[in-house]
Structure formats: C-alpha cells, structure tokens
Amino acid sequence: MAGYGWQKVVRIIVGCAALLIVGSPLPLRAEPAASATTAAPTEHVILFVLEGVDQPALKAGPMPVLTRLVKEGSATWAATSVKPALRLPAMASLVTGMPVEKHGITWNAFDFIRGYPRPPTVFDYLDLSGGRDSAIFFMDESLYQLAKPEPYTDYQMCGPLKPECSTATVVGYINQYFRKATSGHGYGHAILSLPHFLVVHLPEAGRVGLTQGRNSKAYKDALRSVDGAMGSILGMYKDMGLLTRTAVFVTVVNSDETGKANGGSKEAGGGLPQIPWIAWGAGIKAGYAIKAPVSIIDTGATVLRTLGLETYTEWESRAVEEIFTAPKVAAAEDGARSGRPGSMGN
C-alpha cells in the first residue's frame, strides 16, 4: 500500500501496523426505508461527516444524493455544533459525546505530545455494548489526534499534505477494503469482516469554498464530487445486499483556521454554529422534520440507539429518539441515565 502514499496512524503513536481502509464509484440506487412492521434489524451504520455544506449547497452543486436522503429521511438544518468551530474540536465532540470544555481539545492541528483524548469514544461504546467494529476514514492530518488504536477500530488517514488524497481516491480505497473484507479472509488488520460502523470524512467542499469562494465553479464541482462519493458508497452497500439493513447519518464539522463555520454560517441562540443533521435508512422515519434540538454531540448515542445497543456510563450524547420508526426497547428505558446495564444515556 506504500504506493498509495497514505500515512499510517499506528506507526506514529505506537509503531503498530497501519489500519488500511480502501472503492470505485458506483451509482446510488437507494431504496425507501421499510415500514416499522416489516423493517429488518439495522445491522450497519454509515456516518458521512462533510465540510462546507449547508442547505443552499443542495441546489448549488447540485447534490441529488444528499437531497434524496433529506427528503426520504429525518432532517434538521438547525442542529448545533460546538465552539471553537474548528474541525478537530468539533470532531472530538462528535466521537466522545462531550462538549469541548470536557474533552479538552481546543486546538486544530495534530500534536503528538498531547496524545489521544482520554474520554471513551463512540467506538469504545460500540465494542463495550455489543462487540461492534468501526472503520474510520479521516481526510485531514489533524484528526490523527483522535485515531487511538484499538482492536475494534480500523483507521485510514490522509490529508492535504498528500496530493493523491482526494475524494475519489477515498472511494476507491473503501471499495478495495470491502472486497477484501468480504473475501472470507478478513482484511488482515483489526477487523476481519465488514465494519458495523463506517465513518467517512469528506472535507473537499469546505476546503474549496474557503480557497476559491462559494460562488466559484470549483466549489460547485467539489459539492458534486462529495455527493457522488456518498452515492458510490451507498451503491456498494446496495450491491452487497446491505442497504435495507443500513442507517445513514450526515452532519458537518465546518471550520477554518479562524474558527468561523463555513457551511453552517448561522448561529443558534446560544451562539453555537448551526449545521445540518440528517438520518436516513433502516428504522428511520421518512420525510420527517426533526423538531427537538439536536447537537453534533448527540450523534454517538444515536448511532448506538440505531444498532439497538446500550451504554453503561454517562456521557452527554443523547439519542435523537424522535427519528425512529419504533420505540426503544424497555430495557433501555428502564436503565436510562442510571449508569447500570440498560442505560442508553439519553
């Protein structure tokens, strides 16, 4: 894999083997989510973390895949991110389920000396609660800070320092990874089969919007590139017969060096940047406008809830319960916020 020029997370911190994750574009042929009475159990979750994307971007691209997810899923354009509105602090809040003042990551570049965040992450909770594995594609070197090696996570990292690191390249790597993961021999790293939770960071639109402006042709091309990548990945799941058992989440960690959100430019009443937060697929209500307040911090608990899993400790992430077609199981209700088995922490 050296020819791909990808940096290997574990070499930097602990000298372990890199966790490689590698797709050729496939068309989106999404299917409407099944009803609550006929839906198969949700077995897989995809989280797309975008940059530089807001509601006007749907038409500016255009972005037909994201538009379809919004129309056929549950969505809000007024979810809140965190301050400072920087990529690394926001992504840290997403994966730890904590505000910045609790996870402590306020900087926006990888700092080897500071090490990994101490709080548990959604990846830890997925393993603890149900032995679920995660595969994570980060497209910025700053996110090395979050790539803590664990036996239940595979990380792939690249960024603007590597010119070959593009949205299309990431799709190609995911496709290759899936082929090897379904070969019956595993991928040769931490996860020996398809991951239950796939995280894909797609920052191209945000970067182009900052450097060339959001009225430029390059920005519109970047929006189409990101939208096409999402469609290609969903197409892979469909071709493997998994899409009807997969839920998809989309949100944004827009930021630049000054901390100004560049995709969710509006601010909520508390001064927090507003961002889109979208859910679609198995077990998710179709054509639904989310009414309750949603934070990027709530993403982790909602992923666990989607897979029917429980957490055993408190965190500030709360499942966005109103998006689901069926109520959560009684065990989770009885243990909620108790810190004992059965607690969903919402």
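Everything discussed here concerns the structure shown above.
Cut-offs used in this document
Residues numbered from 1 in each chain as written. Predicted model: local features only at pLDDT ≥ 70, side-chain atom pairs only at ≥ 80, totals over all residues. Heavy atoms only, no water. Salt bridge = Lys/Arg side-chain N within 4 Å of Asp/Glu carboxyl O. Helix = DSSP H or I, 4+ residues; strand = E, 2+ residues; numbered from the N terminus. Buried < 20%, exposed > 50% of the residue type's maximum accessible area, 1.4 Å probe, protein only. Phe/Tyr/Trp six-rings, centres within 6.5 Å; stacked < 30°, edge-to-face > 60°. Lys NZ or Arg CZ within 6 Å of the ring centre and 35° of its normal.

Asker: Help me understand the pattern of salt bridges, please; the structure alone is not making it clear to me.
Answerer: Two side chains that carry opposite charge are able to pair once their charged atoms sit near each other. By the definition in use, this model includes twelve salt bridges. One salt bridge in this structure joins Arg 214 and Asp 54, with 3.2 Å as the shortest N-O distance. Of this pair, Arg 214 sits in the loop between helix 8 (204–212) and helix 9 (217–239) while Asp 54 is found in the loop between strand 1 (44–50) and helix 2 (57–60), placing the two residues 160 residues apart along the sequence. Under the relative-accessibility criterion, Asp 54 is labelled buried at 13%. As a salt-bridge pair, Arg 207 and Asp 140 come within 2.8 Å of each other at their nearest N and O atoms. Taken together, the residues Arg 207 in helix 8 and Asp 140 in the loop between strand 3 (134–138) and strand 4 (153–157) connect sequence positions 67 residues apart. A residue is classified by how much of its surface remains accessible, and Arg 207, at 21% relative accessible area, is partly exposed. One salt-bridge network, held together by shared partners, links Glu 51, Arg 87, Asp 140 and Arg 207.

Asker: Mind showing me how you'd approach the packing of aromatic side chains here?
Answerer: We describe a pair of aromatic rings using the distance from one ring centre to the other and the angle between the two ring planes. Under the criterion given, the structure shown has eight aromatic pairs. With a centroid separation of 6.3 Å and 85 degrees between ring planes, the pair formed by Phe 123 and Tyr 155 is classed as edge-to-face. In this pair, Phe 123 sits in helix 6 (residues 122–130) while Tyr 155 sits in strand 4, placing the two residues 32 residues apart along the sequence. Classification of Tyr 155 by relative accessible area gives buried; the value is 4%. Through a chain of ring-to-ring contacts, three or more aromatic side chains come together here, namely Phe 123, Phe 138, Tyr 155 and Phe 197. Over the face of the ring belonging to Trp 107 we find Arg 114, whose NZ or CZ atom lies 3.9 Å from the ring centre. Sitting over the face of the ring of Phe 324, Arg 305 holds its NZ or CZ atom 4.0 Å from the ring centroid.

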